Number of protein chains: 2
Amino acid sequence: MIPLLFLSLFSPSIAILRDPAGFHAGPVDLATTKTGYKGYKYQEEFLSGVPIDHFSFTTNQTFTLRYFFNAEHFQCQKPILFYTGNEGKLEGFADNTGFMWDIAPEFEAAVIFAEHRFYGKSQPFGNQSYSSIDNLGFLSSEQALADFAFLIEHMRTKRIKCAQHSSVIVFGGSYGGMLSAWMRVKYPHLVQGAIAASAPVFWFFQSGIEEDIYDRIVTRTFTSSGCELNAVTQGFDAISHLGQTDEGRKFLNELFKLEDKSKLTKADDSNFLRAFIKEVFESMVMVDYPYPTSFLSPLPGWPVKLACSFLKNVSNTDEEAARGLFNVVNLYYNYTGSTTSLCANPDVCAGAFAALGDPLGWPWQTCTEMVMPLCSSGAPNDFFWKDCPYTEKTAIDFCQKTFGSIGFTDGILRPNWATRNYGATSFPTATNIVFSNGFLDPWSVGGWSKENKKEGSLIGVILEQGAHHYDLRGEHPDDTEEVKRIRNMERSYIKQWVKEYEMKWKEEKRKWKEEKGINGNFTAFH
Amino acid sequence: MIPLLFLSLFSPSIAILRDPAGFHAGPVDLATTKTGYKGYKYQEEFLSGVPIDHFSFTTNQTFTLRYFFNAEHFQCQKPILFYTGNEGKLEGFADNTGFMWDIAPEFEAAVIFAEHRFYGKSQPFGNQSYSSIDNLGFLSSEQALADFAFLIEHMRTKRIKCAQHSSVIVFGGSYGGMLSAWMRVKYPHLVQGAIAASAPVFWFFQSGIEEDIYDRIVTRTFTSSGCELNAVTQGFDAISHLGQTDEGRKFLNELFKLEDKSKLTKADDSNFLRAFIKEVFESMVMVDYPYPTSFLSPLPGWPVKLACSFLKNVSNTDEEAARGLFNVVNLYYNYTGSTTSLCANPDVCAGAFAALGDPLGWPWQTCTEMVMPLCSSGAPNDFFWKDCPYTEKTAIDFCQKTFGSIGFTDGILRPNWATRNYGATSFPTATNIVFSNGFLDPWSVGGWSKENKKEGSLIGVILEQGAHHYDLRGEHPDDTEEVKRIRNMERSYIKQWVKEYEMKWKEEKRKWKEEKGINGNFTAFH
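The model shown is predicted, which means the values in this text are computed figures rather than measured ones.

The rules we used
Here the residue numbering is sequential within each chain, running from 1 through the sequence in written order. Labels are handed out in written order, letters beginning with A for the chains and numbers beginning with 1 for the ligands. Thresholds applied to this predicted model are a pLDDT of at least 70 for local features of residues and 80 or more for the giving and counting of side-chain atom pairs; totals over whole chains, interfaces and linings are not thresholded and use all residues. With hydrogens and water stripped out, all remaining heavy atoms of the structure feed into the side-chain values. The way it works is that DSSP assigns letters per residue, a run of H or I at least four long becomes a helix, a run of E at least two long becomes a strand, and they are numbered from the N terminus. Contacts were defined at the residue level, with two residues in contact if any of their heavy atoms lie within 4.5 Å. The rule for a disulfide is simple: a pair of cysteine sulfur atoms within 2.5 Å. Burial status follows relative accessibility: with a 1.4 Å probe on protein chains alone, a residue under 20% of its type maximum counts as buried, one over 50% as exposed, and anything between as partly exposed. Think of a 1 Å grid over the protein atoms and nothing else: a 1.4 Å probe that fits but is trapped marks a cavity, an open set flanked by protein within 12 Å on at least five of seven lines marks a pocket, and residues with an atom within 4 Å of a point count as lining. Grid points are joined across faces, edges and corners, and a volume is the space filled by probe spheres set on the points. Under the scheme applied here, ten amino acids are nonpolar (Ala, Val, Leu, Ile, Met, Phe, Trp, Tyr, Cys and Pro), four are charged (Asp, Glu, Lys and Arg), and all others, including Gly, are polar. Only residues with pLDDT of at least 70 in both copies contribute their C-alpha atoms to the least-squares superposition of the copies.

Caption draft 1: How the structure looks around the environment of Ser132(A). All names here are of chain A. Within the secondary structure layout, Ser-132 lies in the loop between strand 4 (110–114) and helix 3 (133–136). Through-space distance from the C-alpha of Ser-132 to that of Phe-408 is 8.9 Å; in sequence the pair is 276 residues apart. Other than its neighbours up to four places away in sequence, Ser-132 contacts Gly-137 and Ile-406.

Caption draft 2: Examining the state of the cysteines more closely. Inspection of the entire model under this criterion finds 10 disulfides over all chains. Two residues, Cys343(A) and Cys349(A), share a disulfide whose sulfurs are 1.8 Å apart. Between Cys343(A) and Cys349(A), the disulfide has an S-S torsion of -95 degrees and is therefore left-handed. The exposure classification of Cys343(A) matches that of Cys349(A), with both residues buried. The disulfide that involves Cys227(B) links it to Cys308(B), with 2.1 Å between the sulfurs. Because the sign of the S-S torsion sets the handedness, a value of about -100 degrees for the bond joining Cys227(B) and Cys308(B) places this disulfide among the left-handed ones. Linking Cys227(B) in the loop between helix 6 (213–224) and helix 7 (229–242) with Cys308(B) in helix 10 (residues 303–308), this pair joins segments that are 81 residues apart in sequence. Among the residues examined, Cys308(B) registers a relative accessible area of 0% and is labelled buried.

Caption draft 3: Quick look at empty space enclosed by the protein. In the structure shown here, the tally under the stated rule is 12 cavities of 30 Å³ or more. Of the volumes computed, that of the largest cavity is approximately 140 Å³. Lining the largest cavity are 14 residues, with Phe55(A), Lys186(A), Asn421(A), Phe55(B) and Lys186(B) positioned closest to its centre. Of all elements in the fold, only helix 4 (141–159) and helix 15 (417–422) of chain A together with helix 4 (141–159) and helix 15 (417–422) of chain B reach the threshold of two or more residues within the lining of the largest cavity. Looking at the lining of the largest cavity residue by residue, the classes come out as 8 nonpolar, 2 polar and 4 charged.

Caption draft 4: Summary view of the relation of the copies chain A and chain B. Between chain A and chain B, which share one sequence, the superposing operator has a rotation angle of 180 degrees and an axial displacement of 0.0 Å; the RMSD is 0.1 Å. Such a turn and shift between the copies fits a two-fold axis. Both copies share a contact surface, since 100% of the interface residues of chain A are interface residues in chain B too.

Given below as C-alpha cells:
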C-alpha cells in the first residue's frame, strides 16, 4: 500500500483540513541514526519541566519537549538558528530545511530544531495526549510559542556554553513559518529575526481571505504549466459518468488499481474518488520543485509540468479523460513504480492514520484557532466543483464529527481568536522578518504580501518559480537562479540582524561596566 | 474600626505582597449611583461570552466581564480611551483616573474602563472563583489582556456605532500600567498607543531589580521631605524595647489605640506593630500628592512632609520616639479624625479581608507570575530592619501558607515567566508608549527608564514631584506645574498616535476602493 497522505483523507466537503505543511509523510525516520536527510547531523535531546499551561496556573504539570541540536560550528556568542517546529514529527523539518544547515558554518551558529507539542515524541500526556479535550485542549499555537520561548531561554543560559548574548534567528515553513513570524511578533526580546517561509499568516476570516482562492491558484499553476482546464474538468465529469454504471465502476476500479476495500460499488462512490484526485492536484502544487524530492511523496522535478503532459487536450471518451487524471495520480503516488494499489476511500483508509504520527493534530488545530477558510467555487474558476461557501458551520460540523467523541462542543472553535491574538492584516510594530512566498503555491495568497514589498525591516518576497517554502530547502545543483538569489538575500538580512544585536548588547555591556565600575559578569540579555 | 488596607496585612517577612496599586480601599462605591468620584458619569455594562481560557481549548466555558462606558462625547471613528483595569474593583480606577475623563471631550472620544477578571464583579466562577486553584488558576495577566482584546473587538465592531476605525489608546496605573504597556507590546494591531503610568514593568528577577530598592526609595522620599533617619530608626527600636515589658506594651497599646484583639501581649508582638507602621511609610510615599486625596486613605496634601514634621529630631525617651511614629500612623489612618481604634495584627485582622473586595487576588498573582523581589536591607540603607535576601523560597513559603489549602504547590510559582513572556529589560520592537514615573514613588525604579528618555516613540518621563501615577489623576487647582506639563505632553503624543492611525486607515481605504473599484463597506481594521 502507498504511504497515505494526511491530505488524502479529507472528505470533499471538508477541505478545511488541508494541511499547509503536509510534512507527515516524510519518508526518512532518523530517530535511530540521528543523521538527517542529506547527512545533517544532530543530537536528539529532551527538555523536561516545560509547563503544560504557560498562561494559567491551575496545574504545575510539566512535560518533556524534544529538540534536535548541533553545535559543531558554534563559536562563543554567535547566533542560534532555531526552527519553530510545526504540525508533524521533527525529523521531517530537520530533513527538509537544509537552508539552516547550509548557513550554519558561515554564521558559526548552533542549530536547533524544536518539536511542536503534541507531535512526534513531544506528547504532553504520553499516549493519552489525544484521548480527551482535557488533554488535547493544550495543543495550541500560543502554548507552542511559549514552549519555544522556554527552550530558547534554557539553551541560551544553560545548555549552550557562551550563548547568553547569542542572537536567535527563527525559521519556519508553512504553519511553522506562521510560528516563526509570530515568535518575532510576540517575543521580540527573545528572538532577533525570523525567516517565515510560505506562512499563510493572513488566511483567516478577519483577514478577508477569499475562501475559494486556494483552488483557483491550484488551477492557475496547473494551467500555466500546460494543463488544459477543460481536459481536467472533463476528467472529473467522466468519473461521475462512469461511476453511474457497474461497467464504468469496474473500469475505474481497475484503472486506479483501487484496493478491494476502497473499490467503487455504487454511484455515489465516484465522489470519494474525485475528492481523492482533487487532493492530488492540491498537494502537487505545493511541491512543484525543480528537482526530484520526497517531501510529500517521491516526485520528479517540476512534477506539475509532467502531470500536465497528460492533460493537454480534451479527450474523445470518458475512459480516455479518466485516464488523463489517473496518470496524474499515478505520477504522484507511484513515481518510484513501487505502488501496486491505492486506497481512495477515506472512510475505510482511516486505519492508515496511525502510521502518520499525529494526523489528528492539525485537524484539532483547525477546530480551535486555525480556522482557515477553504472551499471550491468550481469551473471555470477552478478545476473542481462547487462546495462553497465555507462557514463557521462547515467547520463545526466536521469538528463535531471528528472530535465530538472526545468532548468537542460548539464554542471550542474560536474562528476569530488567532487574528485577535496575532493580527489579521498587519503586524504594526514588528521588525526583522522575511516573509517569502512562492507564486506557484496556493498558500502564498494568505501571506504577508502578495508582491515584493518592504515595510521598514519587514520584507515580503515572491519566488515566481517557487512552490511551498522552496527557499528553506538545502542547496541543490538544479536550484533556480531565483532561489539562490533569495537565499542570499535572506543570508544578508540575517547578517544584518545579528550584527545589530551584537552592537546593541556590546553597547549595553559597555554602559553596564561604566555604571557599575566593575568587570563583573554581564548576563542580562533581554 | 478603620478600613484596613490590603497593604497593612503583610507580615514583615513577606513584603512580596506589597500591592503596586493598592486601590482596594477606595472609599466610594458607585455601583448604585453610576456616577464617579468627581461626577464622572458612566454606564455599568457586562459582556458575556468571554472565554475563561483564551490560550487552550480544554473548555468552552465563558464568563461575564464588567466594564464602564461613556460615549457622550464620542464622534464617528474618533478614539476610544480604554483603561486596562488592575487588581481591584473597577470603581476605584474610574474614580482615580480623571485624566481620561478630562481629555475625552477634546478627543471626542468614548471612554471605557474594563475590569480585570477575578476582581470586583468580574468573577468567572461567581463566589467559587477563589475556592480552588482549578478556578483561581485562570487569574493571570495574559488572560486579562486577552479579555481586554476581546472587549476591544466587541466595542469597536458591535457595541459602539461607527467605531470600526477608531484608534484605541490604553491607559493604566501601576499594575494597570504594566497591563497597558503590555497591551501595546502584545496586541499592537488592536491598540495604537499606551499611557503606562508608574508601571514597574522591570521589577523582576531577570530584570536585575535590586531587591531592597523599594524601601531605600521610601527612605529617600521621607528624608528629602524633612525626616531624620535616626528619628525613625530610633522609633522602631523604641517599640522593640517597650514591647519587652508589660508596662511598655500597655503604653503602646494605648498610644496606638489598638483594638482588644490586636493588643500586644508578649515580647514578640512588637514585631507586628513595627511591620504595621513600616507599611504606613511604604504606602504613604505612593500617595504623596500635593492636595488632599482619598486614594489609599483620606490624606492631606503632601502627607509625607507633614509626617516628617513629627520625625525631625531624635527623641530623649522611647516613649517620645514611639509617639513620633504613632503620629505618622495617626495621620495615615485618622486624618479625618473618625478612627477610634486600630487593628495591627494581621493574624487577627484577617477577617477584614472580606470588606476589601478581592484581597487574595494580588497575592495570588505574586504567587504565580508577578514575583517581584522586595525586602529591606535595614539602616542605614533604609528606615527599617534587614529581612533580605528575597529568594524564590521566600515566595514559596508565603504562597504555601496562603494558598496551600486551595491547592498551591511548588511549580505553580514561575518567577521567570512574566519576563520570558513580556521582556525583562526592554521592549525591542514596541512603539507609542509613554512610561511616566514619579521620583517620590518607589515603584519608579522598576519602570521602563529611571530618567527622561526617548527611544523612537517610547517615551520615559520622570515627575520629580510625582508619587504613584499622579499624572493619571484628574485636574486639580493645586496641581504642580510639572504634572500639567506632563499631561500636556501625553495629550500631544496621543494626538499624534491617533492622527497617524487615521492617516493609515484612510490610505488603506483609498487603496481598497481603488483595488475593488467599488464604494463598498470597508471594514478591515487591523
